[in-house]
Amino acid sequence: VACDVVLLTTMIGGKTTGSIQSPWLVVSSWWFILYAMSTGLLLFFHYWHAHDRIYPLILTIFHFFLTLSIVSFVYPLGFGYDPFLHRATEEHIVHFGAAFPKTPFYIGQYSLIHLIVAATHLPLKLVDIWLVPVIASVLIPLAAYTGLRFGAKVSNRLAHIGSLLILLYPAQTFIVTTPHNLANVFLLTTIFLSLLSLSNKNLVFPALMIALASAATHPLSGLLALLFILIINNKNKFVSALFFFGMAISTTVLFGIYFFLQGKALPDLYNIIANKNSFLQLFATPYYVNLDKVSWPFELIYTYQWAIVLCIVVVALLGAWKKRAQVFWYLMAPVALLLNTFLTSTLVVVPELSSFEQIQYA
């Protein structure tokens with residue numbers, strides 16, 4: 001707690017209205033050392049206090065909040081252009097009751113912001129900036145612990161450690177409020193809560209509700225959430241396979257519907273051949289990283305990021321082996337997502353977007 005308070009205080013003191021390349025530039029190297037110590041201490045605490053349920057979870061939520069709030073503290077004006085666009089729409093809805101033309105997109109975020117502002121009378125900008133970091137900090141560790149402990153039936157110790165280790169995943173999607181980011185929070189929450197249905201099929205209801213929230217917030221993540229719930233709760237393997245195929249092409253189909261409604265040309269299969277390198281670029285080292293010109297510690301760090309991926313895959317496979325009778329579709333879902341990513345990065349071409357912006361969809 002002391003470590004996290006010091007880290008949080010340092011972040012709050014580093015806020016800037018200037019243009020800087022990274023929010024992490026406002027803290028010194030000791031910040032990362034202390035963060036590593038804090039995370040290590042928290043892991044040990046979860047290990048030794050395996051009998052406790054509530055207190056370790058509160059500490060994990062606080063640590064998540066510390067990790068995901070860097071942008072909100074450092075950039076008081078806001079971060080990225082998407083949040084500004086959506087905030088302008090939300091302000092319009094608060095003042096005029098609706099934004100025209102009305103669409104089914106984003107209503108999950110807009111209505112939630114509107115309700116919170118109406119109920120609390122807090123400034124809309126404050127609610128908008130903090131919505132995703134706060135919801136992600138609470139929902140994801142809670143859902144992970146609940147799903148692992150009571151769905152996958154792992155020990156209390158492993159459930160706490162597992163919920164904390166979600167921080168190994170890239171957190172970029174949870175640091176600012178946009179409909180897609182909020183839908184991603186709901187999507188990940190859906191996946192963890194769906195574990196409850198492994199022990200009791202009647203417990204699928206909470207995951208289904210969160211999946212519907214994801215669908216109401218952004219179709220790209222929301223459709224994946226709904227298809228995932230349908231796949232793992234279907235007894236007919238053929239029907240589940242059809243839903244799996246739907247998950248693999250969902251983003252491409254949604255773009256196809258959008259193009260059709262806008263009177264644009266539908267995706268051409270030739271695009272896959274022409275844009276095959278776009279898929280490979282997703283896994284390439286960023287252009288600003290040149291390992292030929294850095295010292296070995298930095299080279300080791302950039303190698304470590306791939307080691308994280310390997311560790312996650314290995315641990316996932318080991319865990320799945322112990323629960324192999326129940327988790328087949330959990331293992332297949334990443335395959336569907338990878339196929340979805342491939343088709344979105346190669347087949348779908350949005351003429352008015354730059355290649356950099358377009359690849360973000362994938």
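Residues numbered from 1 in each chain as written. Predicted model: local features only at pLDDT ≥ 70, side-chain atom pairs only at ≥ 80, totals over all residues. Heavy atoms only, no water.

Asks: Would you take a moment to explain the pattern of salt bridges for this structure?
Replies: Side chains that differ in sign of charge can pair as their charged atoms come close. Summed over the entire model, instances satisfying the criterion amount to one salt bridge. Close ionic contact of Asp 128 with Arg 87 constitutes a salt bridge, the shortest N to O distance being 3.0 Å. Of the two residues, Asp 128 is situated in helix α7 (residues 124–151) and Arg 87 in helix α5 (residues 81–96); the sequence distance between them amounts to 41 residues. Look at Arg 87 and you get buried, because its relative accessible area is 6%. (Salt bridge = Lys/Arg side-chain N within 4 Å of Asp/Glu carboxyl O. Helix = DSSP H or I, 4+ residues; strand = E, 2+ residues; numbered from the N terminus. Buried < 20%, exposed > 50% of the residue type's maximum accessible area, 1.4 Å probe, protein only.)

Asks: Help me out: how do you make sense of the nonpolar core in this one?
Replies: The nonpolar side chains of a soluble globular protein tend to be buried, and buried together. Counting 47 residues, the largest nonpolar core has Ile 140, Val 185 and Met 247 as its most contacted members. Every element with two or more residues in this core is listed here: α3 (54–68), α6 (107–120), α7, α9 (179–193), α11 (205–217), α12 (219–232), α13 (237–261) and α17 (328–346). The leading source of residues in this core is α7, at eleven residues. Residues contacting Met 247, with those up to four places away along its chain left out, are Leu 224, Leu 227, Phe 228, Ile 231, Ala 333, Ala 336 and Asn 340. (Core = buried A, V, L, I, M, F, W, Y, C linked by side-chain atoms within 4.5 Å. Contact = heavy atoms within 4.5 Å.)

Asks: Is there a simple way to explain the environment of Thr 9 in this structure?
Replies: By the element assignment, Thr 9 lies in helix α1 (residues 2–13). Within the structure, the side chain of Thr 9 is placed 2.7 Å from the backbone oxygen of Val 5, a separation counted as a polar contact. (Polar contact = N/O pair within 3.5 Å; in protein donor to acceptor, adjacent residues only side chain to side chain.)

Asks: Even after reading the chapter, I still don't get the packing of α3 against α7, so can you show me in this structure?
Replies: Any two packed helices are characterised by how steeply their axes cross, that is the angle between the axes, and by the distance between the axes. Close contact between α3 and α7 brings their axes to 9 Å; oriented N to C, the two are set at 145°. Here α3 and α7 pass one another in a crossing that is right-handed. Across from Leu 57, Thr 60, Ile 61, Phe 64, Phe 65 and Leu 68 in α3, the residues of α7 making contact are Trp 130, Pro 133, Val 134, Ala 136, Ser 137, Val 138, Ile 140, Pro 141, Leu 142 and Tyr 145. (Axes fitted to C-alpha atoms, helices over the stretch in contact; angles between N-to-C directions. Left-handed = near helix turned anticlockwise from the far one by under 90°.)

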